[in-house]
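Examining the three-dimensional arrangement
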Amino acid sequence: MLKKILIIICAFLLVGCTKTNIDNMSLEEIVTSTIKKESKLYNTNSIGYKYYLPTEFSVYKEDDFVQELLSHNNSYYLNIDVVSYYYKNNIVSEHDYDDYEYFTFENKDKNGYLRIRKNSDYFFVELCYNYAIIEVEVKEEDIKYAVSRSISILNSIRYNDLVIEKYINDNDLDSSETVYKIPEPKNKNESKNILEYIEEYETNEEQ
């Protein structure tokens, strides 16, 4: 009984320390410290890749290389670009002068970027690393949580080269193509949030 109590206390302490550490870190520090850790854990499998999904997340929708993840009533859109992975394409990012936050980062042979834009009362977070992108809109107080969990997921992605090679060859894809298309607002200053744009995009696709 005493052993169980000690385990519960330690768990609470660890959670508390993690939250405090994140709160006291900059976004760049959160990203940099995470990608330096080699992740070998995984609990989610899909076509050609697997990754570790934090316990407070769940998979809401899945369409091969695009997944909608839910956490704390926010939708995270995970987009896997196996074409860029297969051909080892360089990541290209754009930086606007009015970005709320923007920086690039790298670790060994992998590079990425974080871009955050303010959209009305929400912040659109676009985090790219390890040939994948996670996008989410959150309130300002949830930005660090969103970035820390997103980079953790991206860092944990492991690709299956044999499956991906077969997919590329079967679909006759070249290095200039991508297997996903991210719906984005045409005017970044519009008041709609990303969920409305995705809903409109899916409706147009169905029509």
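As a reminder, the structure under discussion sits directly above these lines.
Numbers given for residues are sequential positions, taken from 1 along each chain in its written order. Only residues with pLDDT of at least 70 are given local features in this predicted model, and only at 80 or more are side-chain atom pairs given and counted; all residues enter the totals for whole chains, interfaces and linings. Excluded from the side-chain calculation are hydrogens and water; included are all heavy atoms of the structure.

Time to look at the overall build of the protein chain. In terms of regular secondary structure, the protein chain is built from 6 helices and 10 strands. Residue contacts are counted whenever heavy atoms from the two residues lie within 4.5 Å of one another. Looking at the protein chain alone, contacts between residues at least 24 apart form 51% of all its contacts between residues at least 6 apart. Carbon and sulfur atoms provide 49% of the accessible area of the protein chain, an area that totals close to 12800 Å². Numbering of helices and strands runs from the N terminus; a helix is a DSSP stretch of H or I covering at least four residues, while a strand is a stretch of E covering at least two. The method behind every accessible area is Shrake-Rupley, applied with a 1.4 Å probe, and residues are considered shielded solely by the protein chains displayed.

This part takes up unusual backbone geometry. Trans peptide bonds make up most of the peptide bonds, and negative phi angles are found at most residues other than glycine. Of note in the backbone geometry, Lys108 takes a positive phi value of approximately 60° without being a glycine. Examined against the element boundaries, Lys108 turns out to sit in the loop between strand E6 (101–107) and strand E7 (110–119).

Salt bridges, as used here, are contacts in which a Lys or Arg side-chain nitrogen is within 4 Å of a carboxyl oxygen on Asp or Glu. In the structure shown here, the tally under the stated rule is 5 salt bridges. Where Arg115 meets Asp96, a salt bridge forms, and the shortest distance between an N and an O atom there is 2.6 Å. Residue Arg115 is found in strand E7, and its partner Asp96 is found in the loop between helix H3 (82–87) and E6; the two are separated by 19 residues along the sequence. Each residue is assigned to one of three classes by its accessible area relative to the maximum for its type, calculated with a 1.4 Å probe on protein chains only: buried under 20%, partly exposed between the two thresholds, exposed over 50%. On the accessibility criterion, Arg115 (6% relative accessible area) is buried.

To continue, consider the side chain of Asp99. Counting through the fold element by element, Asp99 comes out in the loop between H3 and E6. Here a polar contact is taken to be a pair of N or O atoms separated by no more than 3.5 Å, where protein atoms must pair a possible hydrogen donor with a possible acceptor and residues adjacent in sequence count only if both atoms sit in side chains. A distance of 2.9 Å separates a polar atom in the side chain of Asp99 from a polar atom in the side chain of His95. Residues contacting Asp99, with those up to four places away along its chain left out, are Glu94, Arg115, Ile116 and Arg117.

Now for the sheet that holds strand E1 (residues 44–46). If DSSP finds at least two bridges between two strands, the strands pair. A sheet is described by the order of its strands in space; here 3 strands give the open sequence E1-E2-E10, paired in antiparallel fashion. Edge positions in the sheet fall to E1 and strand E10 (158–159), since each has one partner strand and no second. Looking at chain direction, E1 and strand E2 (residues 49–51) are connected through 3 bridges and run antiparallel. Paired with Thr44 across the two strands is Tyr51, which belongs to E2.

We now examine the side chain of Asn155. By the secondary structure assignment, Asn155 is in helix H4 (residues 143–156). Within the local environment of Asn155, its side chain forms a polar contact with the backbone oxygen of Lys37, the two atoms lying 2.8 Å apart. Beyond its immediate sequence surroundings of up to four residues, Asn155 is in contact with Thr34, Ile35, Lys37, Ser39, Tyr129 and Asn130.

What follows covers the sheet that holds E6. Strand order across the open sheet formed by 7 strands is E3-E4-E5-E9-E8-E7-E6, with antiparallel pairing between neighbours. Of all the strands in the sheet, the pair left with one neighbour each is strand E3 (58–63) and E6. Sheet twist, expressed as the average angle between the axes of neighbouring strands with direction ignored, equals 15°. Of the pairings in the sheet, the one linking strand E8 (residues 122–129) to strand E9 (residues 132–138) comprises 7 bridges and is antiparallel in character. Following the sheet pairing, Val125 is matched in E9 by Val136. Axis angles are defined between N-to-C directions and span 0 to 180 degrees, where every axis is a line fitted to C-alpha atoms and, for a helix, only to the segment in contact. This element, helix H2 (residues 27–35), spans E6, E7 and E8 of the sheet and lies at about 20° to E6. Along the sheet, H4 contacts strand E4 (66–71), strand E5 (74–80), E6, E7, E8 and E9; its crossing angle with E8, the most-contacted strand, is approximately 20°.

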